[in-house]
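What the coordinates show
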Amino acid sequence: MAESLPGEGVPGERVLPNERKMTLTGHLRELRRRLTIAAIALVIGMIASAFLTDWIIGWLTYPITAFAEKIGDDSFTKLTFTTVTGAFDMRFRIAMVAGLVISSPMWLWQLWRFVTPGLTRREFWYAMGFMAAAIPLFVGGVIVAIMLLPNVIAVMSSFFPSDVQNVGQLFTATEYYNFVFRMLVFCGIGFVTPVFVVALNLAGIVRGKSILKAWRWVLILCLVFGMAVSSPADIITMVVMAGILFVLYMAATVFALIVDARRKKANPELFVDVE
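For clarity, every value in this text was computed on a predicted model and none was experimentally measured.

**So, the overall build of the chain**
Across its full length, the chain carries 10 helices and two strands. Counted from the first residue to the last, the chain has its helices and strands arranged as α-α-α-β-α-α-α-β-α-α-α-α. In the chain, once contacts between residues fewer than 6 apart in sequence are set aside, the share between residues at least 24 apart is 80%. When the accessible surface of the chain is totalled, it reaches about 17500 Å², and 70% of it is carbon and sulfur.

**With respect to the environment of Leu-108**
By the element assignment, Leu-108 lies in helix α5 (residues 104–115). Note on Leu-108: relative accessible area 35%, which makes it partly exposed.

**Here's the deal with the layout of surface pockets**
Of the pockets and cavities examined, the largest pocket occupies roughly 1300 Å³. Around the largest pocket, the lining is made up of 34 residues, and of these Val-101, Ser-104, Leu-108, Ile-135 and Phe-138 lie nearest the centre. Breaking the lining of the largest pocket down by element, the ones donating at least two residues are α2 (53–60), α4 (86–102), α5, α6 (121–157) and α7 (173–202). Residue composition of the lining of the largest pocket, grouped by class: 33 nonpolar, one polar and no charged.

**Quick word on the side chain of Ser-103**
Take Ser-103: it is sitting in the loop between α4 and α5. Taking relative accessible area as the criterion, Ser-103 reaches 5% and is therefore assigned buried. Reaching out from Ser-103, the side chain makes a polar contact with the backbone oxygen of Gly-99 at a distance of 2.7 Å. If we skip the residues at most four places from it in the chain, Ser-103 touches Ala-41 and Leu-42.

**Looking at the pattern of salt bridges**
Summed over the entire model, instances satisfying the criterion amount to three salt bridges. In this structure, the salt-bridge partner of Glu-30 is Arg-33, at a minimum N-O distance of 3.1 Å. Placement of both Glu-30 and Arg-33 in helix α1 (residues 24–50) is noted, with a separation of three residues, approximately one turn of the helix. Linking Arg-34 and Glu-30 is a salt bridge whose minimum nitrogen-to-oxygen distance equals 2.8 Å. Note that Arg-34 and Glu-30 are positioned in helix α1 at a spacing of four residues, about one turn of the helix.

**Some details on α4**
Side chains of residues three or four places apart in an α-helix project in the same direction, reflecting 3.6 residues per turn. Counted at 1.5 Å a residue, the expected span for α4 with its 17 residues is 24 Å, and the 24 Å between its end C-alpha atoms agrees. Inspection of α4 places Gly-86, Met-90, Ile-94, Ala-95, Ala-98 and Gly-99 among the buried residues, and these make up the whole buried set.

**Notes on the nonpolar core**
Leu-60, Ile-94, Tyr-177, Leu-184 and Met-241 are the most contacted members of the largest nonpolar core, which has 41 residues in total. Put simply, the parts of the chain that give this core at least two residues each are α2, α3 (62–71), α4, α6, α7, α9 (215–229) and α10 (235–266). Here this core takes 12 residues from α7, the largest share from any one element. Apart from the residues lying within four places of it in its own chain, the contact partners of Leu-60 are Ile-94, Tyr-176, Tyr-177, Val-180, Phe-181 and Leu-184.

**Brief notes about a nonpolar patch on the surface**
Judged by side-chain polarity, Val-43, Ile-47, Phe-51, Leu-52, Trp-55 and Ile-102 come together as a nonpolar surface patch covering roughly 680 Å² of accessible area. Within the fold, Leu-52 resides in the loop between α1 and α2.

**Remarks on the packing of aromatic side chains**
Taken as a whole and assessed by the stated rule, the structure comprises three aromatic pairs. Aromatic side chains Trp-55 and Trp-59 sit 6.1 Å apart centroid to centroid with 5 degrees between the ring planes, which places their arrangement in the stacked category. In this pair, Trp-55 and Trp-59 both sit in helix α2, four residues apart, roughly one turn of the helix. Given the relative accessible area of 58%, Trp-55 is considered exposed.

Definitions and limits used
Residues numbered from 1 in each chain as written. Predicted model: local features only at pLDDT ≥ 70, side-chain atom pairs only at ≥ 80, totals over all residues. Heavy atoms only, no water. Helix = DSSP H or I, 4+ residues; strand = E, 2+ residues; numbered from the N terminus. Contact = heavy atoms within 4.5 Å. Areas by Shrake-Rupley, 256 points an atom, 1.4 Å probe, with all protein chains shown as cover. Buried < 20%, exposed > 50% of the residue type's maximum accessible area, 1.4 Å probe, protein only. 1 Å grid on protein atoms, 1.4 Å probe; cavity = no way out; pocket = protein on both sides within 12 Å on 5 of 7 lines; lining within 4 Å. Points joined across faces, edges and corners; volume = space filled by probe spheres on them. Nonpolar A, V, L, I, M, F, W, Y, C, P; charged D, E, K, R; others polar. Polar contact = N/O pair within 3.5 Å; in protein donor to acceptor, adjacent residues only side chain to side chain. Salt bridge = Lys/Arg side-chain N within 4 Å of Asp/Glu carboxyl O. Expected span 1.5 Å × (residues − 1). Core = buried A, V, L, I, M, F, W, Y, C linked by side-chain atoms within 4.5 Å. Patch = residues over 30% accessible without salt bridge, like charges linked within 9 Å, V, L, I, M, F, W, Y side chains within 5 Å. Phe/Tyr/Trp six-rings, centres within 6.5 Å; stacked < 30°, edge-to-face > 60°.

Set out below in structure tokens:
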């Protein structure tokens, strides 16, 4: 992982200071240092999350609480633990996942700096911009998922006949939290996808026109993704999720077109359209 010396490389691009050639042993030491910092950040995040577990549990159970209020049945919010250690295991898992999310800026940064130690200043600010965009988009995807979950639960619960006596729906805590976590993660990743589209454009791998031409396929993929994170019978949730993702894709497309226009103005000889 060698670094260009000051004065070398692309004109106008300055490399971040204090970088030097490393031996294999140096790389291993650097990897150990980065992993140690990441592990410490994760532990601190888990400890902080342990104090927020009650709030997180209330936040995660909001979908069934909202649905229970809608149908006027408080018993619908009762989650069941099927093992003696179930409650402790669930709190530990929630603290671990929340700690991973809270500490993500630190361990992602450590991973990024190990893989790409020779960043120029422009690339450094590009990386910071990606992180600044990806984190709020991921959080936005999680919030949208939480807001749509009551509708998903309502649709799936409607398949149970309401006139059957002495039979009710029972949610086990483990299965419920697994379902919620999967939907939150999938939606968060889906919302971050446009950032990677922009990254490919900035790297010169794909142009804005090519991204725009693929809008029909992207619309189909958005609908498939919306169907995957919702129940097959829940058309509303599917359309809402697909619509949000498509709007984000179009926003990334507009950004890519603007970047290409600036590049073409600066270096028109590099933009030769091939039909």
